[in-house]
Amino acid sequence: MKRAVIIGAGPAGLAAGDKLTGQGVETIILEKDAQVGGISRTICYKGNYFDIGGHRFYTQNSSVLGWWKDTLKEDFRPVSRQSRIYYQDTFFDYPLSVANVLAHIGPFKALAIAASYVFSRFSSRGKAENLEEWLISRFGKKLYEMFFKEYTLKVWGRPCAELSADWAGRRIKGLSLSVAVRNAFSGGRQNKVKTLIKEFYYPRLGSGMMYEAAAQKISLKGGKIQLNAEVVEIKHDHDRILSVVCRDCRTGKKFETPGSDFCSSMPLTLLVSRMSPLPGRDILQMCGKLSYRSLVMVYFIIKRKDLAPDNWIYVHSKDAAVSRIQNFKRWSAEMVADPRNSSLGLEYFCDEGDSFWAQPDKAILEKAVFELEKLKLCRKEEILDGFAVRVAKAYPVYGRDYRQALEALKGFVKNFSNLQCIGRYGMFQYNNMENSAVSGFLAAANILGAKKDLWSADLEEESDD
């Protein structure tokens, strides 16, 4: 009898658990947090619903779309997308609107941007070695300096020249100035680039509603989901994982869970460093060469019926530390308890333990209020309530030399015949939710007898059918 132990109840872990319980496999999911969903969870506060960031449900993968629709049914709704970029005290439509851009920057600056783009296309020297080269080759130096240079530094805490071009290939694949302009002239009708889509699906009460429903399905089929269970030790015999030891986050007590098959969506570096016995010093050193960017979310309930027409706003301004602002009422009106109010989520990127992360909540809230007033989105006296949430290791950082370390860790975990790494954290890949779900589906298929290599699989195209 197979006994599958899944570490993490985010999109990847729940996708794997749903498939396995559907096939009658004894399944145990261990989740460190007090609720499921991972970084895609939704926080309920005084009847208002707040996501950890914003999570669009969009995919061209029929297996994932079918899973989403089957899980939430009528609570899974299409939403029209509207977003803007705040730059130099001006709001620019995003995706681009030609009329809007020309109105704000004028024809001469637009011609300078076009000339810079043409020059970059002719002067490009083959494959980009870092993110700065990738962006300049596809947008031109002038547009890069306007809209990418400072924003990327704010989000990742390091300049584009110190980041791998792999990040762009994963997150904004297929995007360039020419594509954006064609999209603007066509009104988005011919667009297939994810970052430019005009419509997406979204759950009625936030992204976490999807994963709460998925967890309920798993439980009804006999699967077990243990919350507040942090995996602190992974026992093995060098070829196979034998069991995992967890610490109950409420009581501090430890318990051990054996299994025949294991899937891990915990951060890859933590998985490796918590092996028992430990790997060699060279592998542990590689763990230290991979890093994750953390996030502080600041949430407000605001006494105003309508704040802005946007689902979210990108803040490309040196004068504000906030990177992106979510307007949850525009995702789903039912996320706000009182229709006379609105709610916002402000995203502040930082490193776990740095000066921003370590500030008291009161100081962080005061800073966020100051920036909202500076951006003219609301006044201090309109804010009814607020709170902050820290999210450690939110995004894997694609530093220029990350590949060598990642390949070493991949080689190490592949030695275990009954262990599969899944999801954004587990694979150290900046995946979307649908990619994480596909990794979970494929891991479940392997436990049931398939032979898919998740590391080499195209998580955009793969199906579990």
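Residues numbered from 1 in each chain as written. Predicted model: local features only at pLDDT ≥ 70, side-chain atom pairs only at ≥ 80, totals over all residues. Heavy atoms only, no water.

Participant: When you look at unusual backbone geometry in this model, what are you seeing that I'm missing?
Facilitator: What you tend to see is this: most non-glycine residues have negative phi, and most peptide bonds are trans. Of note, the bond from Ser-276 into Pro-277 is cis; its omega dihedral lies within 30 degrees of zero at 5°. Along the polypeptide, Pro-277 turns up in the loop between strand E14 (275–276) and helix H11 (281–287). The phi angle at Lys-46 is positive, at roughly 55°, despite the residue not being glycine. Here Lys-46 shows up in the loop between strand E3 (42–45) and strand E4 (48–51). Overall, the relative accessible area of 60% leaves Lys-46 in the exposed class. Here Phe-428, not a glycine, exhibits a phi torsion of approximately 50°, which is positive. Within the secondary structure layout, Phe-428 lies in the loop between helix H15 (423–427) and helix H16 (433–447). Among the residues examined, Phe-428 registers a relative accessible area of 0% and is labelled buried. (Helix = DSSP H or I, 4+ residues; strand = E, 2+ residues; numbered from the N terminus. Buried < 20%, exposed > 50% of the residue type's maximum accessible area, 1.4 Å probe, protein only.)

Participant: Sorry if this is basic, but what is going on with the packing of helix H2 (residues 62–72) against H16 here?
Facilitator: Two packed helices can be described by the angle between their axes and the distance between those axes. The geometry of H2 relative to H16 is characterised by a closest axis approach of 10 Å and an angle of 95° between their N-to-C directions. Looking at the two axes, H2 sits roughly perpendicular to H16. Only Met-433, Glu-434, Ala-437, Val-438 and Phe-441 of H16 make contact with H2, whose side of the interface consists of Ser-63, Val-64, Trp-67 and Trp-68. Of the residues belonging to the contact of H2 with H16, the class tally is 7 nonpolar, 1 polar and 1 charged. (Axes fitted to C-alpha atoms, helices over the stretch in contact; angles between N-to-C directions. Parallel < 35°, antiparallel > 145°, perpendicular 65-115°, else oblique. Contact = heavy atoms within 4.5 Å. Nonpolar A, V, L, I, M, F, W, Y, C, P; charged D, E, K, R; others polar.)

Participant: So what exactly am I meant to see when it comes to the pattern of salt bridges here?
Facilitator: Any two side chains of opposite charge can pair, given that their charged atoms come close. Counted under the stated rule, the structure contains 30 salt bridges. The closest approach of N and O atoms between Lys-217 and Asp-18, which form a salt bridge, is 3.3 Å. Of the two residues, Lys-217 is situated in helix H9 (residues 208–220) and Asp-18 in helix H1 (residues 11–22); the sequence distance between them amounts to 199 residues. By relative accessible area, Asp-18 is classed as buried at 6%. (Salt bridge = Lys/Arg side-chain N within 4 Å of Asp/Glu carboxyl O.)

Participant: Before we go on, may I ask you to explain H9 in this structure?
Facilitator: Along an α-helix, residues three or four apart share an orientation, since each turn contains 3.6 residues. Compared with the 18 Å implied by 1.5 Å per residue over 13 residues, the 18 Å span of H9 between its first and last C-alpha is a close match. Positive backbone phi, approximately 100°, marks Gly-222, located one or two places after H9. (Expected span 1.5 Å × (residues − 1).)

Participant: Teacher, can you tell me more about the environment of Asp-310 here?
Facilitator: Following the sequence through the fold, Asp-310 ends up in the loop between strand E15 (292–302) and strand E16 (312–315). A relative accessible area of 1% places Asp-310 in the buried class. When the C-alpha positions of Asp-310 and Gln-420 are compared, they lie 39 Å apart, and in sequence the two are 110 residues distant. Apart from the residues within four sequence positions on either side, Asp-310 is in contact with Gln-82, Ser-83, Arg-84, Asn-327 and Arg-330.

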